[in-house]
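Architecture and fold: a report
As a plain string of letters, each chain reads:
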Amino acid sequence: MDSTRRGRSKERSIEQGADDVTTPQFSAGEPPSPRSEGEMFDAGRFDIRGRFAGARDTPAPEAAEPGDPVVAAVPEPDERDAPEVDVPELDGADSDGPEPAAASEPAAGEPVIGPTGRPLRDIPEPAPLSSHGPARIIAMCNQKGGVGKTTSTINLGASLAEYGRRVLLVDLDPQGALSAGLGVAHHDLELTVHNLLVGSDVSVDDVLLRTRVDGMDLLPSNIDLSAAEIQLVTEVGREQTLGRVLYPVLDRYDYVLVDCQPSLGLLSVNALACADSVVIPMECEFFSLRGLALLNDTVDKVKARLNPKLELGGIVVTMFDARTLHAREVMARVVEVFGDLVYDTVVNRTVRFPETSVAGEPITTWAPKSVGAESYRALAREVIHRSGR
Ligand SMILES: Nc1ncnc2c1ncn2[C@@H]1O[C@H](COP(=O)(O)OP(=O)(O)OP(=O)(O)O)[C@@H](O)[C@H]1O
Ligand SMILES: [Mg+2]
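Let me sum up the structure you'll find in this document. Just so we're clear, the structure is a prediction, and the values are computed from it rather than from any experiment. The residue numbering used here restarts from 1 in each chain and proceeds along that chain's sequence as written. Labels follow written order: the first chain is A, the first ligand is 1, and so on. Predicted model: local features are reported for residues with pLDDT of at least 70 only, side-chain atom pairs are reported and counted for 80 or more only, and whole-chain, interface and lining totals are derived from all residues.

1. Some remarks on the sheet that holds strand 1 (residues 136–140)
If you trace the eight strands from one edge of the open sheet to the other, you get 3-4-2-5-1-6-7-8, paired in mixed fashion. The open sheet terminates on both sides in strands that have one partner only, identified here as strand 3 (209–210) and strand 8 (342–348). As paired strands, strand 1 and strand 6 (residues 277–283) are joined by three bridges and run parallel to one another. Directly across from Ile138, in strand 6, lies its bridge partner Ser277. Across the sheet, helix 4 (residues 149–162) lies against strand 1, strand 2 (167–172), strand 4 (216–219), strand 5 (255–260), strand 6 and strand 7 (311–320), angled at about 170 degrees from strand 5, the strand it touches most. Whether two strands pair depends on DSSP finding at least two bridges between them. Only DSSP runs of H or I reaching four residues or more are called helices, and only runs of E reaching two or more are called strands; each is numbered from the N terminus. Residues are defined as contacting one another if the C-beta atoms placed from their backbone atoms lie within 7 Å. To get an axis, a line is fitted to the C-alpha atoms, and for a helix only the part in contact is used. The angle between two axes follows their N-to-C directions and goes from 0 to 180 degrees.

This is how it looks when you write it as structure tokens:
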């Protein structure tokens, strides 16, 4: 791994970071209202029983193409930008219903309908920045596991860096998947985010690693971090520990992306307590709706009690498979409830992403011309447009 320690640079004052509040440029009109669990589960609006019963009557799914990989092997470099292969379902059980209508070219003047079912918004190319900081902190959060938080953190970060933004990624998950996904041998690290949170004489620069992506740095973690939740319990201001740690370096970066663990425990609350916004990666499946309602409650509580500037930045749908009726129905429900907060960018399910984890680099460098890389660039454009920097 070619990450290297970065030298110390000047610290910035807390006062400089205190006014780091920006207004999103999207006006969603009235904020989407009903987000309680009961409303998300309104059976009249999302007919679960009918759907699952209906699924038994649907035609058998298409068989996987001969040679489709079930376990991804890492391809040779010249194969990386080859047409992407959807990950086949092992039993094909969730491939139901008719395929979505093939996208026909819209007539001149008609809006293009995106995968969310809404007209695509016009997002301009990000303007180059002439100066950097103070950083906008984004918590990548969803207490549901395996929904694409880490994948989105790595690839959104790398895409923001491609647009000339300076990015710091914070691995706030003791699994260390963010660090591993960037090729860091995290098990062997002596200094990690854990030392920052519980050790008084460790500075961010002692822990900071450069990544292979120009302009993107990493605060790595490993299993040591699992002790932090217990160690922090007796601390005064325990929920603000991460915010205190990050303050000195905020003026060096334009974005700090915090990869949260799949829980709403003290570490995730620390991320929410210092964040300007929370971005929720989600998979389009029924139980994700229940998770969104719970997460939304937590965001509201943290906003009311700890961090008034916290806002819901957006929801990014990952691992989307438009061939399944279930995914399309859940998408429709999420758009109905959260409106414009759902990013137009939808990341499709593709075997390229598991490959990048093995390769230890973002998809934007591993397969720069792939659809997955383009999706995260499009997400980066939306994030920049919404945050105005
Ligand atoms: N668009 C995608 N298509 C196919 N596979 C994907 C996609 N996005 C992520 N994955 C894969 O799904 C798995 C889970 O993704 P990831 O680790 O990003 O989720 P997570 O929410 O961070 O998980 P955890 O809750 O455990 O931290 C990984 O193996 C990843 O490679
Ligand atoms: Mg993760």
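That was the structure; now back to the text.
2. What about the site of ligand 1?
For each residue, a C-beta position is placed from the backbone atoms; the residue is near a molecule or strand when that point lies within 6 Å of it. Near ligand 1 lie 19 residues; those nearest to it are Gly145, Lys149, Thr150, Thr151 and Pro262. Elements that contribute at least two residues to the shell around ligand 1 include exactly helix 4, strand 7 and helix 13 (352–359). Classes in brief: Ala, Val, Leu, Ile, Met, Phe, Trp, Tyr, Cys and Pro nonpolar; Asp, Glu, Lys and Arg charged; the others, Gly included, polar. Residue composition of the shell around ligand 1, by class: eight nonpolar, eight polar and three charged.

3. A word on helix 13
Those residues of helix 13 that sit buried are Arg352, Phe353, Glu355 and Thr356. Buried residues of helix 13 fall within an arc of 155 degrees about the axis and therefore sit on the same side. Packed against the buried residues of helix 13 are helix 4, helix 14 (363–366) and helix 15 (371–387). After helix 13 finishes, the residue Gly360 shows a positive phi value of roughly 75 degrees. Note on burial: count the other C-beta atoms lying within 10 Å of the residue's C-beta; 20 or more is buried, 12 or fewer is exposed, in between is partly exposed, and C-beta positions come from the backbone. This arc describes the spread of directions from the helix axis toward the C-beta atoms.

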